2 protein chains.
Amino acid sequence: MQNFKSPVRDTLFVMNELLGFEKHYEKLGFEDATLDMVEAICAEAAKFTDNVLAPINAIGDEIGCKWQDGEVTTPPGFKEAYQTYVEGGWPSMTHPEEFGGQGLPYSLASSIAEWFSGANHSWAMYPGLSQGCIATILAHGTDEQKQRFLPSLIEGSWTGTMCLTESHCGSDLGMLKSKAVPNDDGTYSITGTKIFISAGEHDFSDNIVHIVLARLPDAPEGTRGISLFVIPKFNVNEDGSVGERNAVACGSIEHKMGIKASATCVINFDQAKGYLIGEPNRGLNCMFTFMNSARIGTGLEGLAGTEAAFQGALAYAKDRLQFRSSQGPVNPDGPADPIIVHPDVRRMLLTQKAFREGNRALAIYCMQMVDLTLYSDNDEEKQVAEAKLALLTPIVKAFLTETAQETTSYGMQVYGGHGYIKEWGMEQLARDTRICTMYEGTTGIQAIDLLGRKIMGSNGELLKVFAKEVQEYCMNLRGKAQFNAWSNAIETHLGEWVQMTQEIAKRAADNPDEVGAASVDYLMYSGYIIVGYMWLKMAVVAQQKLDEGSDEKAFYQAKLQTAGFYFDRILSRTRSLASAIETGAENLMSMPEDHFLVG
Amino acid sequence: MQNFKSPVRDTLFVMNELLGFEKHYEKLGFEDATLDMVEAICAEAAKFTDNVLAPINAIGDEIGCKWQDGEVTTPPGFKEAYQTYVEGGWPSMTHPEEFGGQGLPYSLASSIAEWFSGANHSWAMYPGLSQGCIATILAHGTDEQKQRFLPSLIEGSWTGTMCLTESHCGSDLGMLKSKAVPNDDGTYSITGTKIFISAGEHDFSDNIVHIVLARLPDAPEGTRGISLFVIPKFNVNEDGSVGERNAVACGSIEHKMGIKASATCVINFDQAKGYLIGEPNRGLNCMFTFMNSARIGTGLEGLAGTEAAFQGALAYAKDRLQFRSSQGPVNPDGPADPIIVHPDVRRMLLTQKAFREGNRALAIYCMQMVDLTLYSDNDEEKQVAEAKLALLTPIVKAFLTETAQETTSYGMQVYGGHGYIKEWGMEQLARDTRICTMYEGTTGIQAIDLLGRKIMGSNGELLKVFAKEVQEYCMNLRGKAQFNAWSNAIETHLGEWVQMTQEIAKRAADNPDEVGAASVDYLMYSGYIIVGYMWLKMAVVAQQKLDEGSDEKAFYQAKLQTAGFYFDRILSRTRSLASAIETGAENLMSMPEDHFLVG
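Predicted model only: the values in this text are computed from it and were never measured.

J.: Just to check I follow, could you spell out the overall build of chain A for this structure?
T.: Each helix and strand counted, chain A has 19 helices and eleven strands in total. C-alpha atoms of chain A, sized along the principal axes, occupy 80 × 65 × 60 Å. Across the 599 residues that make up chain A, the buried fraction comes to 63%. When the accessible surface of chain A is totalled, it reaches about 21100 Å², and 49% of it is carbon and sulfur. Of the side chains in chain A, 50 bear a positive and 76 a negative charge, and the two mean positions are spaced by 5 Å.

J.: Would you explain the pairing of strand 4 (residues 179-182) of chain B in this entry?
T.: Regular strands place side chains that alternate from one sheet face to the opposite one. Residues and elements named next belong to chain B. Relative to strand 5 (residues 188-198), strand 4 runs antiparallel, the two sharing four bridges. Paired with P182 across the bridge in strand 5 is Y188. If you look at the hairpin formed by strand 4 and strand 5, you'll find five residues sitting between the two strands, and G186 has a positive phi there, around 90°.

J.: Just to check I follow, could you spell out the pairing of strand 7 (residues 227-232) of chain B for this structure?
T.: Residues and elements named next belong to chain B. Among the six residues that make up strand 7, six are buried, leaving the element largely enclosed by the rest of the structure. A two-sided burial pattern is seen for strand 7, the buried positions comprising S227, F229 and I231 on one face and L228, V230 and P232 on the other. Looking at chain direction, strand 7 and strand 11 (residues 264-277) are connected through three bridges and run antiparallel. Across the sheet, the residue bridging to V230 is Y275, located in strand 11.

J.: How should I be thinking about the interface of chain A and chain B in this particular structure?
T.: When the parts of a complex come together, some accessible area is lost, and that lost area is often used as the size of the interface. Between chain A and chain B, the contact holds 106 residues from the first and 106 residues from the second. Carbon and sulfur atoms make up 58% of the surface buried where chain A meets chain B, a total of about 8900 Å² over both sides. For chain A, the biggest contributors to the area lost against chain B are Y420, R569 and F596 of chain A; these three give 10% of the whole. Put simply, chain A and chain B have two salt bridges between them.

J.: Is there a simple way to think about the layout of surface pockets in this case?
T.: Which parts of space are left empty comes out when a probe the size of a water molecule is rolled across the atoms. Counted as a void, the second largest pocket has a volume near 810 Å³. Around the second largest pocket, the lining is made up of 27 residues, and of these E62, K260 and K422 of chain A together with E62 and K260 of chain B lie nearest the centre. Elements with a minimum of two residues in the lining of the second largest pocket: helix 4 (57-63) of chain A together with helix 4 (57-63) and strand 1 (66-68) of chain B. Here the residues of the lining of the second largest pocket sort into seven nonpolar, five polar and 15 charged.

J.: Would you take a moment to explain unusual backbone geometry for this structure?
T.: Leaving glycine aside, a negative phi is the common case for residues, and trans is the common case for peptide bonds. Non-glycine residue Q271 of chain A carries a positive phi angle of around 55°. Topologically, Q271 of chain A is positioned in strand 11 (residues 264-277). The backbone of D218 of chain B sits at a positive phi, close to 65°, despite the residue not being glycine. Here D218 of chain B is to be found in the loop between strand 6 (207-214) and strand 7.

J.: Would you explain the UniProt feature "domain: Acyl-CoA oxidase/dehydrogenase middle" (unreviewed entry) in chain A in this entry?
T.: The sites that UniProt annotates as "domain: Acyl-CoA oxidase/dehydrogenase middle" (unreviewed entry) are residues 162-271 of chain A. Taken end to end, residues 162-271 of chain A is 0% helix and 47% strand, and its first and last C-alpha atoms sit 18 Å apart.

J.: Is there a simple way to think about helix 6 (residues 106-119) of chain A in this case?
T.: Since the α-helix packs 3.6 residues into each turn, any two residues three or four apart lie on the same face. Residue and element names in this part refer to chain A. Spanning 14 residues, helix 6 covers 20 Å between terminal C-alpha atoms, matching the ideal 20 Å at 1.5 Å per step. Extensive coverage of helix 6 is indicated by the burial of twelve of its 14 residues. Taken residue by residue, helix 6 has Y106, S107, L108, S110, S111, I112, E114, W115, F116, S117, G118 and A119 as its buried positions.

J.: Help me understand the relation of the copies chain A and chain B, please; the structure alone is not making it clear to me.
T.: Between the two copies of the chain lies a rotation about an axis combined with a shift along it. Turning chain A through 180° and shifting it by 0.0 Å along the axis lays it on chain B, with an RMSD of 0.0 Å. Both copies of the chain, as the preceding transformation shows, are related through a two-fold rotation axis.

J.: Can you help me understand the pattern of salt bridges in this one?
T.: If the charged atoms of two oppositely charged side chains come close together, the side chains can form a pair. All names here are of chain A. Tallied over the entire structure, the rule returns 62 salt bridges over all chains. A salt bridge links R324 to D337; its shortest N-O distance comes to 2.9 Å. Of this pair, R324 sits in the loop between helix 9 (283-319) and helix 10 (343-375) while D337 sits in the loop between helix 9 and helix 10; the two residues are 13 residues apart in sequence, bridging distant segments of the chain. Linking E514 and R507 is a salt bridge whose minimum nitrogen-to-oxygen distance equals 2.9 Å. For E514, a relative accessible area of 8% corresponds to the buried category. R507 sits in the partly exposed class, given a relative accessible area of 24%. A single salt-bridge network, built from bridges that share partners, covers D10, E114, E307, K353, R356, E357, R360 and K559.

J.: Whenever I open this one, the UniProt feature "domain: Acetyl-CoA dehydrogenase-like C-terminal" (unreviewed entry) in chain A confuses me. Can you help?
T.: With numbering aligned to this structure, UniProt lists the feature "domain: Acetyl-CoA dehydrogenase-like C-terminal" (unreviewed entry) at residues 466-592 of chain A. This span, residues 466-592 of chain A, is 82% helix and 0% strand, and a straight line between its end C-alpha atoms measures 39 Å.

J.: Help me understand helix 12 (residues 426-434) of chain A in this model?
T.: Along helix 12 of chain A, nine of the nine residues are buried, which leaves the element largely enclosed by surrounding structure. Within the sequence span of helix 12 of chain A, burial applies to M426, E427, Q428, L429, A430, R431, D432, T433 and R434 of chain A. At its buried positions, helix 12 of chain A is contacted by helix 4, helix 7 (121-140), helix 9 and helix 11 (379-414) of chain A together with helix 12 (379-414) and helix 13 (426-434) of chain B.

J.: Any chance you could explain the environment of T298 of chain B here in plain terms?
T.: Residue and element names in this part refer to chain B. In this fold, T298 is placed in helix 10 (residues 291-319). You can call T298 buried: its relative accessible area is 5%. Each C-alpha atom, one on T298 and one on T437, is 8.5 Å from the other, the two residues being 139 residues apart in sequence. Once residues lying within four places of it in the same chain are set aside, the contact partners of T298 are K397, T401, C436, Y439 and E440.

J.: Hey, could you run me through the side chain of K194 of chain A in this one?
T.: All names here are of chain A. For K194, the location among the structural elements is in strand 5 (residues 188-198). Of the residues examined, K194 reaches a relative accessible area of 0% and is grouped as buried. A polar contact of 3.0 Å, which involves the side chain of K194, links it to the side chain of E166. Of note is the side chain of K194, whose polar atom sits 2.8 Å from the backbone oxygen of L213.

J.: Can you walk me through a negative patch on the surface in this structure?
T.: All names here are of chain A. Taken together, the side chains of E22, E26, D36 and E39 present a region of like negative charge at the surface. If you list the elements that add at least two residues to the negative patch, you get helix 2 (21-27) and helix 3 (35-53). Along the chain, D36 turns up in helix 3. Judged by relative accessible area, D36 falls into the exposed class, the value being 61%.

J.: Honestly, the side chain of H95 of chain A in this entry has me stumped. Any pointers?
T.: Looking at where H95 of chain A falls in the secondary structure, it is placed in the loop between helix 5 (78-87) and helix 6. Aside from chain neighbours lying at most four places away, what touches H95 of chain A is G101, Q102, G103, Q131, I134, L138 and I154 of chain A.

J.: What exactly am I supposed to notice about the packing of aromatic side chains here?
T.: Two aromatic rings are characterised by how far apart their centres lie and by the angle between their planes. This structure, assessed with the given rule, holds 60 aromatic pairs over all chains. Measuring from centroid to centroid gives 6.2 Å for F483 of chain A and W486 of chain A, while their planes differ by 50°, and the two rings are tilted. Assigned by exposure class, F483 of chain A and W486 of chain A land together as buried. An aromatic cluster of at least three residues, connected via ring pairs, comprises F48, Y82, Y85, F116, W123, Y126 and F204 of chain A. Its end group placed over the ring of F555 of chain B, R9 of chain B keeps NZ or CZ at 4.3 Å from the ring centre. Over the ring of Y473 of chain B we find K537 of chain B; its NZ or CZ atom is 5.5 Å from the centre of that ring.

J.: When you look at the packing of helix 1 (residues 8-18) of chain B against helix 17 (residues 513-547) of chain B in this model, what are you seeing that I'm missing?
T.: The description of two packed helices rests on the angle between their axes and on the distance between the axes. Residues and elements named next belong to chain B. Where helix 1 meets helix 17, the closest approach of the two axes is 11 Å, and the angle between their N-to-C directions is 80°. Taken together, the axis directions place helix 1 and helix 17 in an arrangement best described as roughly perpendicular. Taken together, the residues of helix 17 that come into contact with helix 1 (itself represented by F13, E17 and L18) are K537, M538, V541 and K545. Along the lines of polarity and charge, the residues of the contact of helix 1 with helix 17 split into four nonpolar, no polar and three charged.

Here is what the cut-offs are and how they apply
Residues numbered from 1 in each chain as written. Chains lettered and ligands numbered in written order. Predicted model: local features only at pLDDT ≥ 70, side-chain atom pairs only at ≥ 80, totals over all residues. Heavy atoms only, no water. Helix = DSSP H or I, 4+ residues; strand = E, 2+ residues; numbered from the N terminus. Buried < 20%, exposed > 50% of the residue type's maximum accessible area, 1.4 Å probe, protein only. Areas by Shrake-Rupley, 256 points an atom, 1.4 Å probe, with all protein chains shown as cover. Lys, Arg positive; Asp, Glu negative; His and termini not counted. Charge placed at Lys NZ, Arg CZ, Asp CG, Glu CD. Pairing = 2+ DSSP bridges. Contact = heavy atoms within 4.5 Å. Buried area = accessible area lost by both parts, 1.4 Å probe. Salt bridge = Lys/Arg side-chain N within 4 Å of Asp/Glu carboxyl O. 1 Å grid on protein atoms, 1.4 Å probe; cavity = no way out; pocket = protein on both sides within 12 Å on 5 of 7 lines; lining within 4 Å. Points joined across faces, edges and corners; volume = space filled by probe spheres on them. Nonpolar A, V, L, I, M, F, W, Y, C, P; charged D, E, K, R; others polar. UniProt positions renumbered as here; feature names shortened; annotations may be inferred. Expected span 1.5 Å × (residues − 1). Least-squares fit on C-alpha atoms with pLDDT ≥ 70 in both. Polar contact = N/O pair within 3.5 Å; in protein donor to acceptor, adjacent residues only side chain to side chain. Patch = residues over 30% accessible without salt bridge, like charges linked within 9 Å, V, L, I, M, F, W, Y side chains within 5 Å. Phe/Tyr/Trp six-rings, centres within 6.5 Å; stacked < 30°, edge-to-face > 60°. Lys NZ or Arg CZ within 6 Å of the ring centre and 35° of its normal. Axes fitted to C-alpha atoms, helices over the stretch in contact; angles between N-to-C directions. Parallel < 35°, antiparallel > 145°, perpendicular 65-115°, else oblique.

Below is the structure:
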């Protein structure tokens, strides 16, 4: 099995060389986040990732989580890895110093979180969920709630969850039934059953803090009657110490295709004591505040799968000997050549590489926008970042996870039959990564969010804001003949994208199903263009570095070659998508339900 | 979990209404294979499939095969299902009456084999491998070998395997090392270790007959020095009774992503007694005789995954309530509408349906060609069938299994998060079906076979033979205005296909890597056109049935609607593929191996 190696160099390329993070951090007042400090933190994170998380990934899959009498035991080494993580101070990176945090930027922690997932998707989910819980309390909790819950969560001695889904409602949260009844002391008694609660029960920490959606008595029906509560597994005394057990119980854990070391719990609340967070009936709005980072986080899990699959496939392709190169032997002393000489193996590897690097650039670009929304004190800059983020978040979530299905599948395919065998680790990657297009809003949900809520909902404004950036970039590049073909391809696509959007809008005015009918193809189409824009920008930077005489020639030349591959062989996927989109909704909707026959 | 239902109606539509199997069987002299008899056999097969095989599919995955001290125990119910299969006479369907067979046509058994796989992929592999073993002995064995091995294999009291792969050679069989030394009595002592041997050891039968590739002393290197042997697990006395144990041992079984109830064995031959089949050093040629049906068989496993995933997704889409139709509630008394009202859910279901039916038509069309190669006494007809089969076999193998990755993935995706949970059965389908693009020659190997060996190797002749059929069909259709758009689409594609092939040939004359660089995209491109041709033909038949006043209106209208969906939304996938193909090999081959960096 190939050892996972954190993609430090490539991440730093995107942060520092592509996106100018040194100035970005300086401008936002992160005095500690200097180039040297960022590099040092990344080096430490890579050590933890590669030496602690990666080695327990396979055993995590093999043994999985065990449930007995409401208790969940995580696989060997998982608890200890979490202790190491806490001792390393990783949980507190981005949080305010007043609650014990280190006040470092979101984008730095998030870039590192990709590596955690790449080494061990299951393990990385536990701290990931805590971050969602912390962010919710930070943004919407009262001062007292913050004092009570945050220090232990931020330190990592407690972990957190997000409890949304119920068995009859996943995407359609308006149907949720959990009830919250006010008590005399200002607390609430919450009753209901939540499913699919990641990290809902485990053996990592002294306490688990659940963020729970439920309905107050007489709340309006649908999504406007949902409130948000914090419900600890153990009640918390006013001094923050752990008190009595709350009426919160893990009823069972799911048996799943993958992420088997991540406990996916049924959590029963039986008049559990909880605290209202934010305004009554505004729970969903509070949740949406963090949808962006949660969805980018899921996109990162997809990217992480791509990274790990690329590493595995590449190692095997250089090692496995089968057949000769059609150009003549390159390994004449061996019985055959390494399979990386064969064009179709290279097609798979380059596809992985193109998404590994292009998708990472897009993800970190979005993190930069999140930084601006969180930390900028320039209102206009903040608004622009929010607009771009609104557009890009569903794309990052869905595009990075959909392309990860292809890349992790290639991870297996490059190994041939061996890819199907557990010991090589590639099939675990495919299984673990498969969840990413389903949880945190399916691809279909992201696509409706993008095309319906964001683009149609803004009358195209959000698209214009981003298109302006791309347009300006391409215009500024016009002098550079080397990049004309790629730059023109992006500009042409940009024009087609805008026009296609207008045509869908026209059709949707008559038939609202036109939005759903176009949505997923439209999202993928958009993703290919945006990642193409990232590749154009990366190529320009790489050429500049080569012109400046960099001694990392292989690294930068590979960027240019991979950009060439992307523009030749990947970007043209837009042709089929555009063609499908323009056929409209009729071919999907005309068949009556009873024509879908089995037999 | 959705119960599997054998697609009897749809299979009979293809056999009888689309491809005229009644006359086809009559012409080939299968007097027993009348319409009524075929229907009766299908009905019996469906009973066995739906009532015996389907119910043990999930437990097969959960418990898997167990290895201990060289013995393999199959999951509960598997052995009993095999007994039922034997008692039903299913193993002997297509074999000669002189060895106890029923002399029924290949295509009938093969159509039914799809259903076995759809209900229980793992189980279906055991009898599937026996068929390969039987066919090999029938074609290349001596009369004595046939008498010794065939009656018990055909009866089903013994099973068979095909032992090709060794740890260092999968696709590249020229590297294989197993040795065969002649004994004085005309037998051979075979020594070597084979891996990935499906059904290599199990508890179904009294004996297991291995077909094994090995090298004679002083055999030439490479593929021209490989001979074929039959090696029984227990030696067989001259009267056909089981004798002493042979030096054949199962060293272990693989732990795999899926098909866990199929024993994938390491088989050690330690001076095992074996019999040469066919000429010395011609073993690979003997194997190739059956490559067509083995590869069509794997394609059928992909189709079977598509079928089962469609059934599961459709049931859930009609049942699961989430959100309202954008056209207004269709289930006003319920809390939400079934998700089949949403356009993107329909896009996934219709994609499954389009491949389920279009791919089945292609598969059975190929079986018809196999019938002709096996049973026709008209040399010209036989030659044409062989030519078409040579072209279509790698496409059926790869296209039906690659599209099955998409359809089984949609099976999960339609379920949202529930798709990832074992109890719904959809994730098992995705895992089980994943192997199909890897074993029996990867997609890359099929693509090289198609474009290199078959198309370039015949100077385009094979493509011409098939193109002629399609061209003639489309020309005959020109009068029917209803089908003009689809027929024109096929004709246009046909022209582009031929031209593209010529262009690749031109480039390949200078650079042999051009073949590999185009190959997989070319194969998929070809598949989309051919399945489009199948959809055109199915639509024409369906319209005719409607015109004749059939009372199966929903069935035939659905065919027309699904054809419309295919021509609108699936066929246009050729646009991206054609665009990628024409970019050539340079973008794949120019990057030096050491530019593929990790980090």
